[in-house]
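Results of the structural survey
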Amino acid sequence: QVQLVESGGGLVQAGGSLRLSCAASGRTFSMYVMAWFRQAPGKDREFVGAIRWSGGSTYYADSVKGRFTISRDNAKNTVYLQMNSLKPEDTAVYYCAARTVVGQYSDYGTYEYWGRGTQVTVSS
């Protein structure tokens, strides 16, 4: 089992920045990919980005490419989501996810472990 805990959400004005953290514990050696998803009220869960645990390759949704950056600290078993140039449409609950198997990065159905989420609100 892998446990994930997100932190760092909050209220920010448009154009501002936030950094989310996702701390992993448990069988972290088995992780293959960690990812961030988000879900706005009344909308489906949306892929934001992912990072390979080994190697550190990153993948992003077009909607955040160039504004968001995912990084990891293997020693701390923590993944970060640096969000810059935030827009009101980025408002959502942001979830950290992890999986131990190969699959499509953007497919939330392939992720085995999820955090409880952290709210990000961007005011205009």
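We now turn to the structure provided with this report.

The rules we used
- Residues numbered from 1 in each chain as written.
- Predicted model: local features only at pLDDT ≥ 70, side-chain atom pairs only at ≥ 80, totals over all residues.
- Heavy atoms only, no water.
- Helix = DSSP H or I, 4+ residues; strand = E, 2+ residues; numbered from the N terminus.
- Contact = heavy atoms within 4.5 Å.
- Salt bridge = Lys/Arg side-chain N within 4 Å of Asp/Glu carboxyl O.
- Buried < 20%, exposed > 50% of the residue type's maximum accessible area, 1.4 Å probe, protein only.
- Pairing = 2+ DSSP bridges.
- Axes fitted to C-alpha atoms, helices over the stretch in contact; angles between N-to-C directions.
- Polar contact = N/O pair within 3.5 Å; in protein donor to acceptor, adjacent residues only side chain to side chain.
- Disulfide = S-S within 2.5 Å.
- Phe/Tyr/Trp six-rings, centres within 6.5 Å; stacked < 30°, edge-to-face > 60°.

A separate point is the environment of Ala-14. Mapped onto the secondary structure, Ala-14 falls in the loop between strand S2 (10-13) and strand S3 (18-26). For the pair formed by Ala-14 and Tyr-111, sequence separation is 97 residues and the distance between their alpha carbons is 31 Å. Look past the residues within four positions of Ala-14 in its chain and what remains in contact with it is Leu-86, Pro-88, Val-122, Ser-123 and Ser-124.

So, on to the pattern of salt bridges. The full count for this structure, using the stated rule, is 4 salt bridges. One salt bridge in this structure joins Glu-46 and Arg-38, with 2.8 Å as the shortest N-O distance. The class of Glu-46 is partly exposed, set by a relative accessible area of 31%. Judged by its relative accessible area of 6%, Arg-38 is buried.

For the rest of this paragraph, the subject is the sheet that holds S3. On the basis of which strands lie adjacent, the open sheet formed by 4 strands has the order S1-S3-S8-S7 and antiparallel pairing. Taken across any chain shown, the strands that pair with only one partner, and hence form the sheet edges, are strand S1 (2-7) and strand S7 (68-73). Looking at each pair of strands side by side, their axes are set apart by 20° on average, direction ignored. As judged from the 6 bridges shared by S7 and strand S8 (residues 78-83), these two strands associate in the antiparallel manner. Its bridge partner lying in S8, Thr-69 is registered against Gln-82.

Attention now moves to the side chain of Thr-78. In this fold, Thr-78 is placed in strand S8. By relative accessible area, which is 8% here, Thr-78 ends up buried. A polar side-chain atom of Thr-78 sits 2.9 Å from the main-chain carbonyl oxygen of Lys-76.

Our next topic: the state of the cysteines. Evaluation of the coordinates by the stated rule reveals 1 disulfide. The side chain of Cys-22 participates in a disulfide bridge whose partner is Cys-96; the two sulfur atoms lie 2.0 Å from each other. Here Cys-22 and Cys-96 share a disulfide; its torsion about the S-S bond, -80°, makes the bridge left-handed. Separated by 74 residues along the polypeptide, Cys-22 in strand S3 and Cys-96 in strand S9 (residues 92-99) bring together distant segments of the chain. Each member of the pair, Cys-22 together with Cys-96, is buried.

Our focus in this paragraph is the packing of aromatic side chains. Overall, the coordinates contain 7 aromatic pairs when judged by the stated rule. Between Phe-37 and Trp-114, the ring centres sit 5.2 Å apart and the planes meet at 55°, which makes this aromatic pair tilted. Taken together, the residues Phe-37 in strand S4 (residues 33-39) and Trp-114 in strand S10 (residues 113-114) connect sequence positions 77 residues apart. Residue classification places Phe-37 among the buried positions, given a relative accessible area of 0%.

Examined against the element boundaries, Arg-67 turns out to sit in the loop between strand S6 (58-60) and S7. On the accessibility criterion, Arg-67 (11% relative accessible area) is buried.

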